[in-house]
Amino acid sequence: MAELHVELVAADRKVWSGAATIVVARTASGDTGIMPGHTPVLSVLETGPVTIRTTDGGTVVAAVHGGFISFADNKLSLLAEIAELADEIDIARAERALEVAKSELDVHAERRAEVRLFAAGRRKAA
């Protein structure tokens, strides 16, 4: 089975590293799926979920807020300003942040909270 090596790194730590069959991330040009053999890519990461399908059939989901994505030679680097794996997300805190953002009409904060809740499996679409 063809695979690509993935590194998801936040400004403060390595979030996830391993082999994958496909990674889907939100970029400046829309949702982008990267599979082994994809043409080289360098793009801006937008606030959105990153979904990694691992070679063992598992799925890793992270909430990512800004950064860059780079792919060449079956090596994918996601360099994020902030990244949280689904199981690291404090759902109650994200729900509170969403309510505050809505009350303050802060669309950027609202988007960040919605992405965190989506990554944690608490929202339908992000």
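All of these numbers come straight from a predicted model, not from anything done at the bench.

Participant: Please explain the side chain of Thr 27 as it appears in this structure.
Facilitator: Its location among the elements puts Thr 27 in strand β2 (residues 13-27). Classification of Thr 27 by relative accessible area gives buried; the value is 4%. Within the structure, the side chain of Thr 27 is placed 2.8 Å from the backbone oxygen of Gly 30, a separation counted as a polar contact. With sequence-adjacent residues up to four places away left out, Thr 27 is seen in contact with Thr 32, Ser 43, Val 44, Leu 45, Glu 46 and Ile 69.

Participant: Is there a simple way to explain the nonpolar core in this structure?
Facilitator: One recurring pattern in soluble globular proteins is that nonpolar side chains are buried together. Val 6, Val 23, Leu 76 and Leu 78 are the most contacted members of the largest nonpolar core, which has 24 residues in total. Looking at this core, the elements that each hand over two or more residues are β1 (4-10), β2, β4 (41-45), β5 (48-54), β6 (59-72) and β7 (75-85). Excluding its chain neighbours within four sequence positions, the residues that come into contact with Val 23 are Leu 4, Val 6, Thr 32, Gly 33, Ile 34, Val 50, Thr 51, Ile 52, Leu 76 and Leu 78. In terms of nonpolar packing, the next biggest core, distinct from the first, is built from 8 residues, Ile 89, Ala 94, Ala 113 and Ala 119 among them.

Participant: Would you explain the domain arrangement of the protein in this entry?
Facilitator: By a widely used convention, the size of an interface equals the accessible area lost when the partners come together. Examined at the domain level, the protein breaks down into domain 1 (4-85) and domain 2 (91-120). Domain 1 and domain 2 are separated by 22 Å when their C-alpha centres are compared. Contacts between the two partners involve 10 residues from domain 1, matched on the other side by 6 residues from domain 2. Summing both sides of the interface, domain 1 and domain 2 together bury roughly 640 Å²; the carbon and sulfur share of this comes to 68%. Applying the counting rule to domain 1 against domain 2 returns 1 salt bridge. A salt bridge links Glu 84 to Arg 116; the shortest N-O distance between them is 2.7 Å. The interface formed by domain 1 and domain 2 contains 2 residue pairs in polar contact (both at pLDDT 80 or more). When residues of the side of domain 1 that touches domain 2 are traced back to their parent elements, those giving at least two are β5 and β6. Among the elements that take part in the side of domain 1 that touches domain 2, β6 stands out by supplying 5 residues, more than any other.

Cut-offs used in this document
Residues numbered from 1 in each chain as written. Predicted model: local features only at pLDDT ≥ 70, side-chain atom pairs only at ≥ 80, totals over all residues. Heavy atoms only, no water. Helix = DSSP H or I, 4+ residues; strand = E, 2+ residues; numbered from the N terminus. Buried < 20%, exposed > 50% of the residue type's maximum accessible area, 1.4 Å probe, protein only. Polar contact = N/O pair within 3.5 Å; in protein donor to acceptor, adjacent residues only side chain to side chain. Contact = heavy atoms within 4.5 Å. Core = buried A, V, L, I, M, F, W, Y, C linked by side-chain atoms within 4.5 Å. Domains from an automatic or database assignment. Buried area = accessible area lost by both parts, 1.4 Å probe. Salt bridge = Lys/Arg side-chain N within 4 Å of Asp/Glu carboxyl O.

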